[in-house]
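Single-letter residue listing:
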Amino acid sequence: MARVDFYRLIRDPVERVLPAIAARILDGGDRLLVVAASAMQRQAIDEALWTLQPASFLPHGAAGSPDEAIEPILLAGTLDTAPANGARLVALADGAWRDEALGFDRVFLLFDNSRIDDARATWRALGKADGVELHFWKQDERGRWSEGP
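Residues numbered from 1 in each chain as written. Predicted model: local features only at pLDDT ≥ 70, side-chain atom pairs only at ≥ 80, totals over all residues. Heavy atoms only, no water.

Asks: Before we go on, may I ask you to explain the pairing of strand β7 (residues 132-139) in this structure?
Replies: Every other side chain in a regular strand lies on the same face of the sheet, so the side chains alternate between the two faces. Buried residues dominate β7, accounting for six of its eight residues. Across seven bridges, the pairing between strand β1 (residues 2-9) and β7 is parallel. Its bridge partner lying in β7, A2 is registered against V132. With three bridges connecting them, β7 and strand β8 (residues 145-147) associate as antiparallel partners. From the neighbouring strand, Q139 faces β8, where its bridge partner is W145. Where β7 folds back on β8, the antiparallel hairpin that results is connected by five residues, among which G143 adopts a positive phi of roughly 90°. (Buried < 20%, exposed > 50% of the residue type's maximum accessible area, 1.4 Å probe, protein only. Helix = DSSP H or I, 4+ residues; strand = E, 2+ residues; numbered from the N terminus. Pairing = 2+ DSSP bridges.)

Set out below in structure tokens:
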């Protein structure tokens, strides 16, 4: 069963939220594929993984690089259902749903208010699908997360 976590970004952009999610994933011993179609967004995420928390660098690299297989976090412009780093968790950082994501154990769909209608349509479609567990997380104005609509 695939678990899909919808993260509605109210206060912070994805490059501030994703490192916290990625840190928890790495702490759990898992690997992560991060997908963002925009090269500029991937660059912002790359910089955030290096610098957001000065005391803790999150090891990562780009898909297609020589070391992609050893990277715990792999940044990619497209979704590969068999990423080189063997990740079973995927973050759709650009807010765009890709059906292939259901091939992963867990999916993080991060979106802001500009993609709210797309996220709602995806929620409805996945709610009708068998074998999909849905969770919704919303950020408040203070940056705290709560589960529920």
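Asks: How should the packing of aromatic side chains be read in this particular structure?
Replies: Think of a pair of aromatic rings as described by two things: how far the centres are apart, and how the planes are tilted against each other in angle. Taken as a whole and assessed by the stated rule, the structure comprises eight aromatic pairs. Plain terms: the ring middles of Y7 and W145 are 5.1 Å apart, the flat faces sit at 70° to each other, and that makes the pair edge-to-face. Of this pair, Y7 sits in strand β1 while W145 sits in strand β8; the two residues are 138 residues apart in sequence, bridging distant segments of the chain. Between F111 and F136, the ring centres sit 6.5 Å apart and the planes meet at 50°, which makes this aromatic pair tilted. Placement of the pair is F111 in strand β6 (residues 106-112) and F136 in strand β7, with a sequence separation of 25 residues. Taken as a pair, F111 and F136 share a single burial class, namely buried. What links up through ring pairs into an aromatic cluster is the set F6, F111, W123 and F136. Above the ring of F104, the side-chain terminus of R88 is found at 5.4 Å from the ring centroid. (Phe/Tyr/Trp six-rings, centres within 6.5 Å; stacked < 30°, edge-to-face > 60°. Lys NZ or Arg CZ within 6 Å of the ring centre and 35° of its normal.)

Asks: What's the story with the nonpolar core in this structure? I'm lost.
Replies: Where a protein is soluble and globular, its nonpolar side chains tend to be buried together. Counting 23 residues, the largest nonpolar core has L32, V34, I73, F108 and L110 as its most contacted members. Those elements that place two or more of their residues in this core are β1, α1 (14-27), β2 (32-35), α2 (39-51), β4 (73-76), β5 (89-92) and β6. With seven residues, α1 is the single largest residue contributor to this core. Excluding residues within four positions of it along the chain, L32 makes contact with A22, I25, P72, I73, L74, N85, A87, L89, V90 and A91. (Core = buried A, V, L, I, M, F, W, Y, C linked by side-chain atoms within 4.5 Å. Contact = heavy atoms within 4.5 Å.)

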